[in-house]
Amino acid sequence: WYESKSDAKRAEGCYQKALSLDASHPVAGRGLQRLIELKDLVPHCKKAIEQNSPVNGWAWQALGQSKAVNEGDDSTAVICFQQALRCRDIQNPSSDMLGAFYRYTEMTANLYSEASMTWVELATCYRRMGKYSAALRAYEEAASTGILPPAALCSWAQCDLDLGLYAEAAEKCDDVLACDDCSAELIRMASYIEAESLLSIARTDIQGGKNGSCRSHLVKAITRLEGLSPQNSTYCEIKLLGDLYSFGEALPPYVFDQMSSSEGEEQDADSSLPTEVEDKLSFIRKGEEAYAQALELVTRIDDEEEDKLFLLAATGTDLGINLLSQARTIAVALGDGSGGVAKTTIVDLATESDRVKDLILRSINAFSQAIDHSPNDAGAWCGLGSALIFVDPLLSQHAFCRALQIDKSIAEPLSSIALLYADYDKTEKSAEILDALTQLEDTPLMWIGRGLLLEKTSRAWHDSPASREGCLTRASDAYRASLQIMQHPAALLGLSLTCRRADADVQISNDQLYSSLADHSSKIESRISMTLHQSSTGGGNIGASLIDGLFRIEEGLDAPDSSEVSRMMKEGVERIERARSRSSSKISNDISSSVANCEIDLPLAASLQKKDNGEFPNDGIEKSLNEAARDFAHDISAALHEHSLDQARNAVVLNPDSGESWLLLAKELAQAASSLNDDAATSETLSSAKAAADKALDLLQDQLLNASLIAPRRKAVHHENLIEYSEKSVVSAIPPSALVSDAMSLVSWLGSMAEENQSRGDCATLQESLLLDPLNEVAATALGL
């Protein structure tokens with residue numbers, strides 16, 4: 001009563017008198033806990049826990065808080081909280097006849113139960129002790145016993161983040177930000193945790209090729225951080241914002257197609273770059289601005305702070321990486337890695353494009369300043385080597401070696417040195433570095449380096465086709481291993497170019513089945529890999545664009561539907577012509593501003609010279625274009641797919657186990673029945689078409705359900721105790737979903753024609769066929785769609 005009247009002194013005296021009569025009294029203990037400081041309550045709590053009472057949970061809880069907050073003894077605090085949770089007044093206060101008075105006054109009336117808050121405090125202690133799994137279970141128990149406050153949800157989200165449960169952490173932060181009673185500090189904390197979680201989710205998405213999802217998570221995280229008050233922004237928030245923008249380099253340009261640059265923003269527009277590439281550069285450039293703001297914030301820190309130099313070095317390294325990412329983005333869009341005689345490598349662009357040269361030199365300056373602040377920062381040395389590799393390979397190698405001297409556990413310097421050796425045909429040294437990297441970490445670049453070395457080795461087997469093709473087959477296996485780790489564009493391109501190289505030994509007569517299946521599967525794998533590569537890089541690689549156009553023409557020639565042939569071949573010709581025009585064009589240089597001065601003395605040209613890659617096979621490309629043009633003129637592609645009833649019958653006679661031949665016969669019979677005027681002949685023809693369609697569906701389903709692995713029947717060819725080819729089994733021919741869909745819809749339609757009404761089973765079959773092939777016109781028409 002005194003406490004409700006705000007007479008704290010008399011209320012404290014009453015509670016102390018009650019505790020002198022009953023040291024574990026739950027109402028008096030809680031009342032005194034609300035009125036006095038925690039350190040003054042400890043003696044009363046010690047007396048209370050000496051009694052064997054089931055309602056002294058309040059005392060155990062207060063002691064736990066004292067041990068955790070005042071003494072920093074989390075181990076003892078955990079024991080106290082566990083004891084409190086076993087007591088009846090904490091676990092089930094409604095069972096106590098005095099439980100209604102635990103929350104008697106207005107100051108104690110809230111939504112959060114004592115049990116849930118005790119579980120939260122226990123989880124907090126576990127988390128500080130590094131026992132994240134135990135902390136996670138405690139948070140789950142807290143949520144099951146009551147509503148958690150925003151601070152507890154933030155703490156739980158941080159625990160999820162530490163355990164790698166990024167989606168759960170982001171969801172809890174959304175709940176915190178949706179609360180009306182959330183303080184400004186909690187809003188900043190929840191926004192930061194959610195942004196960090198979304199960045200981790202984006203990294204996982206990019207490894208699986210989920211580019212759209214990755215962009216959505218990045219935009220949401222950026223929105224959270226930019227929605228905070230800029231006056232109170234901390235270094236961690238600004239740096240995380242820069243990391244989010246810089247991660248945009250990993251995304252293909254097409255995801256930035258709908259993102260327009262802000263009005264009034266200064267654009268160093270290069271007329272040779274597509275709009276989506278400029279949008280991507282604008283996105284990454286915002287990360288540069290964030291890092292510059294973070295550097296300015298760190299420079300205002302007192303010089304006596306121990307972490308100042310470390311923060312300057314870390315931010316300088318991030319800034320250098322961002323600038324290098326911008327240079328790489330421009331180089332990829334202009335054709336870096338195209339090969340041939342096209343002067344589009346980043347080394348060529350560094351000398352011919354002021355824009356690329358300025359970014360590279362500024363990146364070198366940023367890494368150099370980071371090294372000045374922290375000479376033993378391995379990351380800064382590795383970044384400096386990555387920037388110098390385009391202007392001075394020898395100095396770049398020195399920087400990578402210095403990074404390894406500082407920290408031998410990082411894989412980036414080793415992979416960079418290995419690829420540098422391979423780039424200059426030092427294959428033996430590159431192989432040694434890759435062997436050392438294999439023992440350290442399984443990285444995509446390690447497997448890409450293996451594949452590149454195997455491709456180089458295959459050139460030496462010009463007099464042994466089997467050995468040469470064996471090296472290329474193993475190279476494709478290396479690229480597949482790289483793609484199991486991450487969908488790297490270089491691995492996609494390497495796999496597309498090497499997986500179609502079949503061993504000549506499989507072409508013998510007794511392996512014709514395996515050869516045809518292997519050739520078909522390798523074509524599909526090669527085309528899909530090339531499509532993914534072009535999608536992830538924006539089609540900047542000129543050589544890859546030429547091959548992509550040839551693949552499209554080949555796909556058109558192999559297409560079973562004559563209506564698609566002309567379109568595919570026309571697309572292929574357009575892609576080839578577009579790539580050829582780019583290979584002969586010059587790099588535009590629209591920047592009028594001066595190039596940054598480099599803080600390191602660099603030679604005018606690279607110290608080492610690479611071998612010329614040779615020209616593109618223009619004669620072969622021209623021949624393919626001429627053949628495609630001739631097909632357009634004479635409409636050969638459509639004539640190849642024209643069938644008659646007699647041809648369909650002959651195909652069934654020659655291939656009685658081919659479901660595709662029976663399906664073709666059923667279609668021809670159905671078409672012939674529509675032109676007959678005699679009802680008896682029409683009925684007989686439709687009956688024959690129904691029987692042929694049933695046979696086709698049975699064969700196709702049997703072929704689909706009873707697929708098996710077919711291995712090549714050939715002898716092992718050894719050279720110096722090494723098998724020079726890869727044993728690769730292929731799956732027996734699986735019919736395309738469109739064929740199965742056509743057979744199902746044709747069987748259902750012919751059955752409904754014979755019965756003159758459509759049964760429920762026929763309707764279900766039509767729906768299933770439409771799911772297999774949404775473009776099935778027969779199923780769509782029969783269903784009235």
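Everything here concerns the structure above.
Worth saying up front: this structure is predicted, and the values here are computed from it rather than measured.

## Section: the packing of helix H8 (residues 132-145) against helix H9 (residues 150-162)
It is the contact of H8 with H9, at a shortest axis distance of 10 Å, that shows an interaxial angle of 145 degrees. With respect to the hand of their crossing, H8 and H9 are arranged in left-handed fashion. Contact with H8, carried on its side by Tyr132, Ala135, Leu136, Tyr139, Glu140 and Ala143, involves Ala152, Ser155, Trp156, Cys159, Asp160 and Asp162 of H9 and no other residues of that element. Residue classes in the contact of H8 with H9 are distributed as eight nonpolar, one polar and three charged.

## Describing the environment of Ala378
Assignment of secondary structure puts Ala378 in helix H18 (residues 378-388). Taking the C-alpha atoms as reference points, Ala378 and Ala403, separated by 25 residues in sequence, lie 4.5 Å from one another. Among residues more than four places away in sequence, those in contact with Ala378 are Ala403, Ile406, Asp407 and Ile410.

## Some points on unusual backbone geometry
Positive phi values are uncommon outside glycine, yet Asp425 reaches one of about 60 degrees. Inspection of the secondary structure puts Asp425 in the loop between helix H20 (412-423) and helix H21 (427-440).

## Remarks on the nonpolar core
Membership of the largest hydrophobic core comes to 44 residues, with the highest contact counts inside it found for Leu273, Ile330, Ile360, Ile364 and Leu384. Among the secondary structure elements, those contributing two or more residues to this core are helix H14 (275-299), helix H15 (308-333), helix H17 (354-373), H18, helix H19 (393-406), H20, H21 and helix H22 (444-459). Looking at this core, the element that brings in the most residues is H17, giving nine residues. Non-local contacts of Leu273, meaning those with residues more than four positions away in its chain, are made with Glu278, Leu281, Ile330, Ala333, Leu334 and Arg355. Grouped together as the second largest cluster of nonpolar side chains are 33 residues, Leu85, Ile90, Val120 and Ala134 included.

## Topic: the side chain of Lys172
By secondary structure assignment, the location of Lys172 is in helix H10 (residues 166-177). Aside from chain neighbours lying at most four places away, what touches Lys172 is Leu153, Trp156, Ala157 and Asp160.

## Thoughts on the packing of aromatic side chains
Tallying each qualifying case throughout the model produces three aromatic pairs. Both rings, one in Tyr139 and one in Trp156, keep their centres 5.8 Å apart while their planes meet at 10 degrees; by these two values the pair is stacked. One end of the pair, Tyr139, is in helix H8; the other, Trp156, is in helix H9, with 17 residues separating them in the sequence. Among the residues examined, Trp156 registers a relative accessible area of 10% and is labelled buried. Ring geometry for Phe256 and Phe283: centres 5.3 Å apart, planes at 55 degrees, overall tilted.

## Looking at the side chain of Ser155
Looking at the secondary structure, you find Ser155 in helix H9. Under the relative-accessibility criterion, Ser155 is labelled buried at 14%. What Ser155 contacts, discounting residues up to four positions off in sequence, is Thr124, Arg127 and Tyr139.

## Remarks on the pattern of salt bridges
Summed over the entire model, instances satisfying the criterion amount to 26 salt bridges. Measuring nitrogen to oxygen at the nearest pair gives 2.9 Å for the salt bridge that ties Lys172 to Asp160. A residue pair is termed long-range when its members are at least 10 positions apart, and Lys172 in helix H10 and Asp160 in helix H9 qualify at 12 residues. One exposure class covers both Lys172 and Asp160, and it is buried. As a salt-bridge pair, Arg480 and Asp477 come within 2.7 Å of each other at their nearest N and O atoms. With Arg480 and Asp477 both in helix H23 (residues 465-485) and three residues apart, this pair spans about one turn of that helix. The class of Asp477 is partly exposed, set by a relative accessible area of 28%. A single salt-bridge network, built from bridges that share partners, covers Asp548, Arg552, Glu555, Glu571 and Arg575.

## What to know about the environment of Asn211
When you line up the elements, Asn211 lands in helix H12 (residues 211-226). Take Asn211: its relative accessible area is 11%, and that puts it in the buried class. C-alpha separation for the pair Asn211 and Ala250, spaced 39 residues apart in sequence, amounts to 8.9 Å. There is a polar contact of 3.2 Å between the side chain of Asn211 and the side chain of Tyr254.

## Brief notes about the environment of Val332
As for its placement among the helices and strands, Val332 is situated in helix H15. Each C-alpha atom of the pair Val332 and Gly539 lies 8.6 Å from the other, and the pair is 207 residues apart in sequence. Excluding anything up to four places from it in sequence, Val332 contacts Thr537, Gly540 and Asn541.

## Digging into H18
The buried fraction of H18 is high, at 10 of 11 residues. What H18 keeps buried is the set Ala378, Ala380, Trp381, Cys382, Gly383, Leu384, Gly385, Ser386, Ala387 and Leu388. Of the residues flanking the start of H18, the one acting as N-cap is Asp377, its side-chain oxygen 3.1 Å from the backbone nitrogen of Gly379.

## Some thoughts on the state of the cysteines
Tallied over the full model, the rule gives zero disulfides. Here Cys179 is not cross-linked by a disulfide; its sulfur's nearest cysteine counterpart is in Cys182, at 6.1 Å.

## What about a negative patch on the surface?
Negative charge collects at one region of the surface, where Asp302, Glu304, Glu305, Glu306 and Asp307 lie side by side. Looking at the secondary structure, you find Asp302 in the loop between H14 and H15. Residue Asp302 is classed as partly exposed on the basis of its relative accessible area, which comes to 47%.

## Here we look at H19
Between its first and last C-alpha atoms H19 spans 20 Å; for 14 residues at 1.5 Å apiece the expected length is 20 Å, and the two agree. Residues Pro393, Ser396, Ala399, Phe400, Ala403 and Leu404 constitute the buried set of H19. In a view along the axis of H19, the buried residues occupy a sector of 140 degrees, so they form one face of it. Tucked into the core, H19 has its buried residues touching H18 and H20.

## What about the packing of H9 against H10?
A pair of packed helices can be characterised by two numbers: the angle between their axes and the separation between those axes. Taken N-terminus to C-terminus, the directions of H9 and H10 make an angle of 165 degrees; their axes are 8 Å apart at the nearest point. For the element pair H9 / H10, the angle class is roughly antiparallel. Handedness of the H9/H10 crossing: left-handed. Contact residues: Pro150, Leu153, Cys154, Trp156, Ala157, Asp160 and Leu161 in H9; Tyr166, Glu168, Ala169, Lys172, Cys173, Asp175 and Val176 in H10.

What counts, and at which threshold
- Counting restarts for each chain, with residues numbered from 1 along the sequence as it is written.
- The predicted origin of the model limits local features to residues at a pLDDT of at least 70 and limits the giving and counting of side-chain atom pairs to 80 or more, whereas totals for whole chains, interfaces and linings rest on all residues.
- Side-chain descriptors were evaluated using all non-hydrogen atoms of the structure, hydrogens and water having been removed beforehand.
- The axes used here are C-alpha line fits, helices contributing only the stretch in contact, and every angle between their N-to-C directions lies in the interval 0 to 180 degrees.
- Note on conventions: DSSP H or I runs of at least 4 residues are helices, E runs of at least 2 residues are strands, and numbering of each starts at the N terminus.
- Here a crossing is taken to be left-handed if its near helix is turned anticlockwise relative to the far helix by less than a right angle, and right-handed if that turn runs clockwise.
- Note on contacts: a residue pair qualifies if any of its non-hydrogen atoms lie within 4.5 Å across the two residues.
- Under the convention adopted here, Pro, Cys and the residues Ala, Val, Leu, Ile, Met, Phe, Trp and Tyr are nonpolar, Asp, Glu, Lys and Arg are charged, and Gly plus all remaining residues are polar.
- Here, nonpolar core refers to any group of buried Ala, Val, Leu, Ile, Met, Phe, Trp, Tyr and Cys residues whose side-chain atoms link them within 4.5 Å.
- Relative accessible area decides the class of each residue, using a 1.4 Å probe on protein chains only: under 20% of the type maximum gives buried, over 50% gives exposed, and in between gives partly exposed.
- When two rings of Phe, Tyr or Trp (its six-membered ring) have centres within 6.5 Å they constitute a pair, described as stacked for plane angles under 30 degrees, edge-to-face for angles over 60, and tilted for the intermediate range.
- Salt bridge, as applied in this entry: a Lys or Arg side-chain nitrogen positioned within 4 Å of an Asp or Glu carboxyl oxygen.
- For the purposes of these results, a polar contact is taken to be a pair of N or O atoms within 3.5 Å, where, inside protein, one atom must be able to donate a hydrogen and its partner to accept one; residues adjacent in sequence count only when each atom of the pair is a side-chain atom.
- Disulfides are defined as cysteine sulfur pairs within 2.5 Å.
- In this scheme, patches are assembled from residues that exceed 30% relative accessible area and form no salt bridge. Like charges are connected within 9 Å, while nonpolar side chains (Val, Leu, Ile, Met, Phe, Trp, Tyr) are connected within 5 Å.
- Using a 1.4 Å probe, the Shrake-Rupley method yields the accessible areas, and only the shown protein chains count as cover for residues.
- Under the convention used here, Asp and Glu are negative, Lys and Arg are positive, and both His and the chain ends fall outside the count.
- Here the site of a charge means atom NZ of a Lys, CZ of an Arg, CG of an Asp or CD of a Glu.
- Expected helix span is given by 1.5 Å per residue-to-residue step, counting one fewer step than there are residues.
- Summarising the geometry, the arc corresponds to the directions from the helix axis toward the C-beta atoms.
- Angle categories: roughly parallel below 35 degrees, roughly antiparallel above 145, roughly perpendicular from 65 to 115, and oblique for all the rest.

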